[in-house]
Amino acid sequence: MKKTLLTTTLAAALSFAGLAAAAEKLVVAATPVPHAEILELIKPTLAKEGVDLQIKVFTDYVQPNVQVDQKRLDANYFQTLPYLQNFNEGKGTHLETVIGVHVEPFGGYSKKVKNLSELKEGATVAIPNEGSNSGRALLLLQKAGLITLKDPKNALATPKDIAENPKKLKFRELESAMLPRVLDQVDLDMINTNYALEAGLNPAKDALVIEGSDSPYVNFLVARPDNKDSEAIQKLAKALTSPEVKAFIAKKYQGAVLPAF
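The rules behind each value
Residues numbered from 1 in each chain as written. Predicted model: local features only at pLDDT ≥ 70, side-chain atom pairs only at ≥ 80, totals over all residues. Heavy atoms only, no water. UniProt positions renumbered as here; feature names shortened; annotations may be inferred. Helix = DSSP H or I, 4+ residues; strand = E, 2+ residues; numbered from the N terminus. Buried < 20%, exposed > 50% of the residue type's maximum accessible area, 1.4 Å probe, protein only. Contact = heavy atoms within 4.5 Å. Areas by Shrake-Rupley, 256 points an atom, 1.4 Å probe, with all protein chains shown as cover. Lys, Arg positive; Asp, Glu negative; His and termini not counted. Charge placed at Lys NZ, Arg CZ, Asp CG, Glu CD. Pairing = 2+ DSSP bridges. Salt bridge = Lys/Arg side-chain N within 4 Å of Asp/Glu carboxyl O. Polar contact = N/O pair within 3.5 Å; in protein donor to acceptor, adjacent residues only side chain to side chain. Expected span 1.5 Å × (residues − 1). Bend = angle between axes of the 7 residues up to and from the residue. pLDDT = per-residue confidence, 0-100. Axes fitted to C-alpha atoms, helices over the stretch in contact; angles between N-to-C directions. Parallel < 35°, antiparallel > 145°, perpendicular 65-115°, else oblique. Nonpolar A, V, L, I, M, F, W, Y, C, P; charged D, E, K, R; others polar.

Per an unreviewed UniProt entry, the protein chain goes by the name MetQ/NlpA family ABC transporter substrate-binding protein and belongs to Pseudomonas oryzicola. What UniProt records for the protein chain under Sequence similarities (unreviewed entry) is the sentence "Belongs to the NlpA lipoprotein family."

Encoded structure:
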């Protein structure tokens, strides 16, 4: 009896060890909020499917792409298609989208005014200095009636592309991660939602101007041409667009993040 029990226990242990050994490690880069939080949610699901998801958190938008391209990481989850296209063109990389997961409506915040109409002539506006995010901020300011761009649809616009600036707004261009830190120093601060959430801002309540749910800036899971169709990446893609994730986004972010599936 004891021998049978020991044999059964040993077999079960060996079977579990075999499954653990067979689990495929998948290292994915993400910014802290909401990307890493969403990935943490689906780790148990992927573990049951033989994928050992390891999350590497970054606070910038450059290294996650560089390290995936260099095969130091398997994939990343933090960026929009316009940003990726601009990055590939500028850096000579060939990263590709796998699946769209969510939208983070981009917004403008202020501790000095309560309404855009209160902005005075010569007011200082902080915007991201990265091509697609700079354009995204300026397009939103154009939609709000504060400026007019030479090309009203230029997704890569910079302050040099402004045709009309009635209030003579002054633009301060900074890395996206730095923008929440200057909120007290500028009149209007155009901040990506992931960084706004990290800074304790509620986009749905605090933003003076914000993109609608029709925003084309979907955040994608991104990988390389050589691994984007791999079984592990496809399992990750499926988990990221599951009903579980949709419910989690709705409950946790209360409209500050919107499912794109």
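Let's talk about the overall build of the protein chain
When you go through the protein chain residue by residue, the secondary structure sums to nine helices and 13 strands. Along the three orthogonal principal directions, the C-alpha set of the protein chain runs to about 90 × 40 × 30 Å. Here the protein chain holds 261 residues, and 45% of them are scored as buried. Taking the intrachain contacts of the protein chain between residues at least 6 apart in sequence as the baseline, contacts between residues at least 24 apart amount to 73%. For the protein chain, the exposed area adds up to about 13,000 Å²; of that, 53% sits on carbon and sulfur atoms. Looking at charge distribution, the protein chain has the averaged site of its 31 positive side-chain charges lying 4 Å from that of its 30 negative ones.

Considering the pairing of strand S3 (residues 75–80)
In terms of burial, S3 is largely enclosed, as six of its six residues are buried. Note that strand S1 (residues 24–30) and S3 share three bridges and pair parallel. Bridging from a neighbouring strand, Ala-30 pairs with Tyr-77 of S3. In the sheet, S3 pairs with strand S12 (residues 218–223) via four bridges, with the strands oriented antiparallel.

Some details on the pattern of salt bridges
Enumeration over the complete set of coordinates arrives at five salt bridges. Taking the shortest distance from any N to any O, the salt bridge between Arg-224 and Asp-226 comes out at 2.8 Å. Overall, the relative accessible area of 8% leaves Arg-224 in the buried class. Residue Lys-235 is joined to Glu-231 by a salt bridge in which the shortest nitrogen-to-oxygen separation is 3.4 Å. Here Glu-231 and Lys-235 lie together in helix H8 (residues 231–240), a separation of four residues that amounts to about one turn. Residue classification places Lys-235 among the partly exposed residues on the basis of a relative accessible area of 22%.

Remarks on the pairing of S12
Put simply, side chains in a regular strand alternate between the two faces of the sheet. For S12, the buried fraction is high: six of the six residues fall into the buried class. Alternating positions in S12 separate into two faces, Val-218, Phe-220 and Val-222 on one and Asn-219, Leu-221 and Ala-223 on the other, with burial throughout. Summarising the sheet, strand S4 (residues 96–103) and S12 pair through six bridges and their orientation is antiparallel. Along S12, the bridge assignment pairs Glu-96 with Ala-223.

Remarks on the side chain of His-102
One can find His-102 in strand S4. Of note is the side chain of His-102, whose polar atom sits 2.6 Å from the side chain of Tyr-77. Beyond its immediate chain neighbours, meaning those up to four positions away, His-102 contacts Pro-34, His-35, Ile-38, Tyr-77, Tyr-217, Val-218, Asn-219, Ile-249, Val-257, Leu-258, Pro-259 and Ala-260.

Description of the sheet that holds strand S6 (residues 124–128)
With mixed pairing, five strands are arranged side by side in an open sheet as S9-S6-S10-S5-S11. Because the sheet does not close on itself, it has two edges, and the strands there are strand S9 (170–174) and strand S11 (209–210). Pairing of strand S5 (residues 107–109) with strand S10 (residues 188–191) involves three bridges; the strand directions are antiparallel. Residue Gly-108 lies in a different strand from S10, and its bridge partner there is Met-190.

A few points about helix H2 (residues 32–48)
Taking 1.5 Å as the rise per residue, H2 with 17 residues should run 24 Å; its terminal C-alpha atoms sit 24 Å apart, in good agreement. The axis of H2 is deflected most strongly, by about 40 degrees, at Ile-42, and proline Pro-44 appears within four residues downstream. What H2 keeps buried is the set Val-33, Pro-34, His-35, Ala-36, Ile-38, Leu-39, Ile-42 and Leu-46. Backbone geometry just after H2 places Gly-50 at a positive phi near 85 degrees.

Details of the confidence of the model for the protein chain
Detail in the predicted coordinates should be disregarded across regions flagged by low pLDDT. When pLDDT is averaged across the protein chain, the result is 92; 91% of the residues are at 70 or more. Predicted confidence is poor over residues 14–20, with pLDDT under 50, and the contacts of this stretch with residues over four places away or in other chains come to zero contacts.

Focus: the packing of helix H4 (residues 81–91) against helix H5 (residues 131–143)
Look at H4 against H5: their axes get within 8 Å of each other, and the N-to-C directions meet at 140 degrees. Classed by the angle they form, the pair H4 and H5 counts as oblique. Facing Pro-82, Tyr-83 and Asn-86 of H4, the residues of H5 in contact are Gly-131, Ser-132 and Asn-133. When grouped by side-chain class, the residues that make up the contact of H4 with H5 number two nonpolar, four polar and no charged.

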